[in-house]
Amino acid sequence: MQGIQAGTQGSRCLFPATLLIWLALIGLAHSQTPSLDSSESNVLPEFIAESGIDRSAVSPERTSPDAISGNPAAINITTGSGMLGDWLGINQNGFRMGGLHITDVNAQPTGGNTPGQWAGDSLTILDFSLDTEEAFNWKGGLFGTEFLFYFGDPVNNNAASVMGYNSLDSAPPDSRVEIYQLWYRQALFDNKLVFRFGKSVPTYDFNNVARSIPYTEEQLNIPGISGALLTPLYYSPTQIGIMPGYTDSATGVVATVIPNQKFYAQYGFFDGSLATGRKTGLSGPRFDGHYIHLAETGVNWTLGLDDKPGKIGIGGWYQTGTLESINGNVEGAKGAYFFASQRLFYERPGESSNGLTAYLQLAATNSELVSTHRYVGMGLTYFGPLPSRDEDSLGFAFAYGKMNDNPALGLRGQESIFTWYYQMKICKNVYLQKNLTYINGPAANPSAGDVFALTLQALIMF
């Protein structure tokens, strides 16, 4: 996109360096020697990638999810396991009811705006959907709605973090009850053309590294790229305040073309009044000249005899309308992004999904409305790290942001977040996750010290 240029020599070097690292990882994955002949391996189908799509098509050893997203509400079009609807006896004739509850506690021993502070968040989502083919014999249709209940403390503000180390922390207000999603989806031409319109979460469809290419999207329930909690994994810091997403969903339409199982292209048009300061998650649509346009394309592949899945996506966004910045009014905003993920190896190809996966994110904008102008993120996740703990995962994630250098904003020049986590499956649908986070140079307060934070999160799907 025009106008997206490197701001400093350091950021010019960082982007190509991360791409070189990514190419090296792909080379490692491609060169791995399989432990089974490919004719004996019951490997993941090409289109499943790491996202948990249609696990019923895989061998019994791979039917359990690899990992739970650190914030499923940010990237899933449907939520939960459906256990609640099964228990009530209403999951039938195309109707499904499910949901999730997440609670976390955060200790911040050092640094930030409030060293020594304890804080917490709580999120509950109720999800309802209706498959029109099962209910009315109307092929390819799906209705969906979600209700969101949230209350919490300003966890990221306590840490003086611009990008955010805890994705569960909501934008103000700190207490919300809202209709989070209300949409209808229609698949046409043997799922090669898909439309969805209504109120939804654009971060599900766009710039979502945890998602495989958008095929049977209603089945994408448990992403398995990473369980890291940090916000940039789910919501690019170069779009904060402009892109509707977690808690502030928006009304619009998404059209997706999937000519085959290795390629997709999609376009989205949404109410863009979030950029004016309006809380779109708590209100109805407003189409008054402030719109956000999004476009993305991507490809899917497998490497080696083990069929190790990978994917890349590239996209851009454009916000229209007159917007108020700290230096006065500006006309619109725009940005671009890139993401990729790759399975690096399987411990026992054809027998288990245990092994190592990597992801990469890049994003840029020059908008005066956005605090972060350049972003690089990457991470590693190991599934089944301990004997007899195949459904646990551990990982590392890193996020770097170069800030808007407008002196009026009073920001530090850059911010880096490092996080390590271990996610443990306690029993069916119940997960416990421990996280250690280090923030080097929290950018919202240049005088704040570096942050160490500990987070304990419990997640229940129902």
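1. Overview of the overall build of the protein chain
Within the protein chain one finds 6 helices and 16 strands. By the burial criterion, 57% of the 462 residues in the protein chain qualify as buried. For the protein chain, the share of sequence-separated contacts (at least 6 apart) that also reach a separation of at least 24 residues comes to 66%. For the protein chain, the exposed area adds up to about 17,500 Å²; of that, 62% sits on carbon and sulfur atoms.

2. Considering a nonpolar patch on the surface
The grouping of Phe 147, Phe 149, Val 177, Ile 179 and Leu 182 at the surface amounts to a nonpolar patch, some 440 Å² of accessible area in total. The set of elements that each furnish at least two residues to the nonpolar patch consists of β3 (141-152) and β4 (175-188). Considering each element in turn, the nonpolar patch owes the most residues, 3 residues, to β4. Checked against the element boundaries, Ile 179 lands in strand β4. Assessed through its relative accessible area of 42%, Ile 179 is described here as partly exposed.

3. Some points on the layout of surface pockets
Taken as a whole, the largest pocket spans an internal volume of roughly 1,000 Å³. Looking at the largest pocket, it is lined by 44 residues, and the ones nearest its centre are Val 162, Ala 171, Pro 172, Ile 240 and Gly 241. The set of elements that each furnish at least two residues to the lining of the largest pocket consists of α5 (155-158) and β9 (308-325).

4. Here's the deal with the environment of Leu 100
Following the sequence through the fold, Leu 100 ends up in strand β1 (residues 95-110). Residues Leu 100 and Gly 80, 20 residues apart in the sequence, show an inter-C-alpha distance of 5.3 Å.

5. Remarks on the pattern of salt bridges
The final tally for this structure, using the stated rule, is 10 salt bridges. Of the charged contacts, one joins Arg 176 and Glu 178 as a salt bridge, the two residues approaching to 3.0 Å between their closest N and O atoms. With a closest N to O distance of 3.4 Å, Arg 348 and Glu 347 form a salt bridge. The class for Arg 348 is partly exposed, based on a relative accessible area of 32%. Its relative accessible area of 31% is what places Glu 347 among the partly exposed residues. Taken together, the salt bridges that share partners define one network made up of Arg 176, Glu 178 and Asp 248.

6. Overview of the pairing of β1
The pairing of β1 with strand β2 (residues 117-131) spans 14 bridges and is antiparallel. Note that in β2 the partner of Met 97 across the bridge is Phe 128. The loop that links β1 with its antiparallel partner β2 comprises 6 residues; one of these, Gly 111, has a positive phi angle of about 75 degrees. Both β1 and strand β16 (residues 451-461) contribute to a ladder of 9 bridges, which runs antiparallel. Bridge pairing links Val 105 to Leu 456 in β16.

7. Comments concerning the pairing of strand β11 (residues 355-365)
With 11 of its 11 residues buried, β11 lies for the most part within the structure. Because side chains alternate across β11, one face comprises the buried residues Gly 355, Thr 357, Tyr 359, Gln 361, Ala 363 and Thr 365, and the other comprises Leu 356, Ala 358, Leu 360, Leu 362 and Ala 364, equally buried. Here strand β10 (residues 328-346) runs beside β11; their pairing, made up of 11 bridges, is antiparallel. The partner of Tyr 346 across the bridge, within β11, is Gly 355. Looking at chain direction, β11 and strand β12 (residues 372-383) are connected through 10 bridges and run antiparallel.

8. Quick notes on the packing of aromatic side chains
The geometry of two aromatic rings is summed up by the distance between their centres and the angle between their planes. Counted by the stated rule, this structure contains 13 aromatic pairs. Ring geometry for Phe 269 versus Tyr 291: centroids 5.1 Å apart, planes at 40 degrees, classification tilted. Highlighted residues: Phe 269 in strand β7 (residues 263-271) and Tyr 291 in strand β8 (residues 291-303), separated in sequence by 22 residues. Residue class for Phe 269 comes out partly exposed when judged on its relative accessible area of 22%.

9. Side note on the confidence of the model for the protein chain
Chain-level statistics for the protein chain give a pLDDT mean of 84 and a share of 80% at 70 or above. Note that pLDDT drops below 50 for residues 1-19; the model gives that stretch 37 contacts with residues more than four away or on any other chain.

10. Details of unusual backbone geometry
Among all residues except glycine, the phi angle is most often negative; among peptide bonds, the trans geometry is most common. That bond from Pro 172 to Pro 173 is cis: its omega, 0 degrees, falls within 30 degrees of zero. Secondary-structure assignment places Pro 173 in the loop between α5 and β4. For Phe 189, which is not glycine, the phi torsion reads 55 degrees and is therefore positive. The residue Phe 189 is located in the loop between β4 and β5 (193-200) in this model. Overall, the relative accessible area of 63% leaves Phe 189 in the exposed class. Unusually for a residue other than glycine, Asn 429 sits at a positive phi of about 70 degrees. Locating Asn 429 in the fold gives a position in the loop between β14 (414-427) and β15 (430-440). On the accessibility criterion, Asn 429 (9% relative accessible area) is buried.

11. A few points about the side chain of Thr 256
Following the sequence through the fold, Thr 256 ends up in strand β6 (residues 250-260). At a separation of 3.3 Å, a polar atom in the side chain of Thr 256 contacts the side chain of Gln 266.

12. Section: the environment of Tyr 438
Structurally, Tyr 438 can be placed in strand β15. Once you skip the residues sitting within four places of it in the chain, Tyr 438 turns out to touch Ser 416, Ile 417, Phe 418, Trp 420, Asp 450, Val 451 and Phe 452. Looking at Tyr 438, its side chain comes within polar contact range of the side chain of Asn 440, at 3.3 Å.

13. Structural notes on the environment of Phe 195
If you trace the backbone, Phe 195 turns up in strand β5. For Phe 195 and Ala 255, which are 60 residues apart along the polypeptide, the C-alpha to C-alpha distance reads 4.6 Å.

Cut-offs and rules
Residues numbered from 1 in each chain as written. Predicted model: local features only at pLDDT ≥ 70, side-chain atom pairs only at ≥ 80, totals over all residues. Heavy atoms only, no water. Helix = DSSP H or I, 4+ residues; strand = E, 2+ residues; numbered from the N terminus. Buried < 20%, exposed > 50% of the residue type's maximum accessible area, 1.4 Å probe, protein only. Contact = heavy atoms within 4.5 Å. Areas by Shrake-Rupley, 256 points an atom, 1.4 Å probe, with all protein chains shown as cover. Patch = residues over 30% accessible without salt bridge, like charges linked within 9 Å, V, L, I, M, F, W, Y side chains within 5 Å. Salt bridge = Lys/Arg side-chain N within 4 Å of Asp/Glu carboxyl O. 1 Å grid on protein atoms, 1.4 Å probe; cavity = no way out; pocket = protein on both sides within 12 Å on 5 of 7 lines; lining within 4 Å. Points joined across faces, edges and corners; volume = space filled by probe spheres on them. Pairing = 2+ DSSP bridges. Phe/Tyr/Trp six-rings, centres within 6.5 Å; stacked < 30°, edge-to-face > 60°. pLDDT = per-residue confidence, 0-100. Polar contact = N/O pair within 3.5 Å; in protein donor to acceptor, adjacent residues only side chain to side chain.

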